[in-house]
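A structural walkthrough
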Amino acid sequence: KNEVEQSPQNLTAQEGEFITINCSYSVGISALHWLQQHPGGGIVSLFMLSSGKKKHGRLIATINIQEKHSSLHITASHPRDSAVYICAVGVGQFYFGTGTSLTVIP
Amino acid sequence: GAGVSQSPSNKVTEKGKDVELRCDPISGHTALYWYRQRLGQGLEFLIYFQGNSAPDKSGLPSDRFSAERTGESVSTLTIQRTQQEDSAVYLCASSLGNSNQPQHFGDGTRLSIL
């Protein structure tokens, strides 16, 4: 049983499309994180959420604590957004989703 | 400022040897995490240090794995009697506090067991 489920596993989009990646979790958490891992392997923290919504540039993250669900949205997607997006939840240790591999085609 | 630094960046060793991986967290970060990522797979939690508290070792896969941290600075992850299934990228991350703080990741150590 996975504590964190992400969907879709793979996603291909045309440049400019609006993209949504979903994350559901089953454990109690103090915060949910969205991470981005580029093909070279480096991992960057995009958002940390404990409630509501956050926006950074073209990226928007929302969380519904009652439903144990979060979404990551990318507006006006660009080929440089191609990466694996990982949802992680934690209280102390972290549980990770398996990631969503996004490819944005020019 | 300096980010999380890991060394070595690559390590190739023979099955059965012991290896030691090092992580230098960002100065002032009290929390330090070790993760493993096997080829084509997701991140696996290994161990978590928070300040002077006892570490959360619940993710360590076997007693061949151990980790230490000196105060709130350097951490080493040791794998004894390495096996081929230990081949993976080992990632370290640090944060200012607990899971309510963003994590900053190192570039990882790519470990290959021959």
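Residues numbered from 1 in each chain as written. Chains lettered and ligands numbered in written order. Predicted model: local features only at pLDDT ≥ 70, side-chain atom pairs only at ≥ 80, totals over all residues. Heavy atoms only, no water.

**Focus: the pairing of strand β3 (residues 19-25) of chain A**
Residues and elements named next belong to chain A. Alternating residues of β3 divide into Ile19, Ile21, Cys23 and Tyr25, all buried, and Thr20, Asn22 and Ser24, none buried. Pairing analysis gives 4 bridges linking strand β1 (residues 4-7) to β3, with the strands arranged antiparallel. Residue pairing across strands places Gln6 opposite Cys23, the latter belonging to β3. Both β3 and strand β8 (residues 69-74) contribute to a ladder of 6 bridges, which runs antiparallel. Considered in β8, the bridge of Asn22 is made with Ser71. (Buried < 20%, exposed > 50% of the residue type's maximum accessible area, 1.4 Å probe, protein only. Helix = DSSP H or I, 4+ residues; strand = E, 2+ residues; numbered from the N terminus. Pairing = 2+ DSSP bridges.)

**Brief notes about the interface of chain A and chain B**
Counting residues at the interface gives 15 residues for chain A and 15 residues for chain B. Buried surface at the junction of chain A and chain B, summed over both partners, amounts to about 1,400 Å²; 58% is from carbon and sulfur atoms. Put simply, chain A and chain B have 0 salt bridges between them. Where chain A packs against chain B, one counts 1 residue pair in polar contact (both at pLDDT 80 or more). Looking at the side of chain A that touches chain B, the elements that each hand over two or more residues are β4 (31-37), β5 (43-49), β9 (83-91) and β10 (93-96) of chain A. Residues belonging to the side of chain A that touches chain B are distributed by class as follows: 8 nonpolar, 7 polar and no charged. (Contact = heavy atoms within 4.5 Å. Buried area = accessible area lost by both parts, 1.4 Å probe. Salt bridge = Lys/Arg side-chain N within 4 Å of Asp/Glu carboxyl O. Polar contact = N/O pair within 3.5 Å; in protein donor to acceptor, adjacent residues only side chain to side chain. Nonpolar A, V, L, I, M, F, W, Y, C, P; charged D, E, K, R; others polar.)

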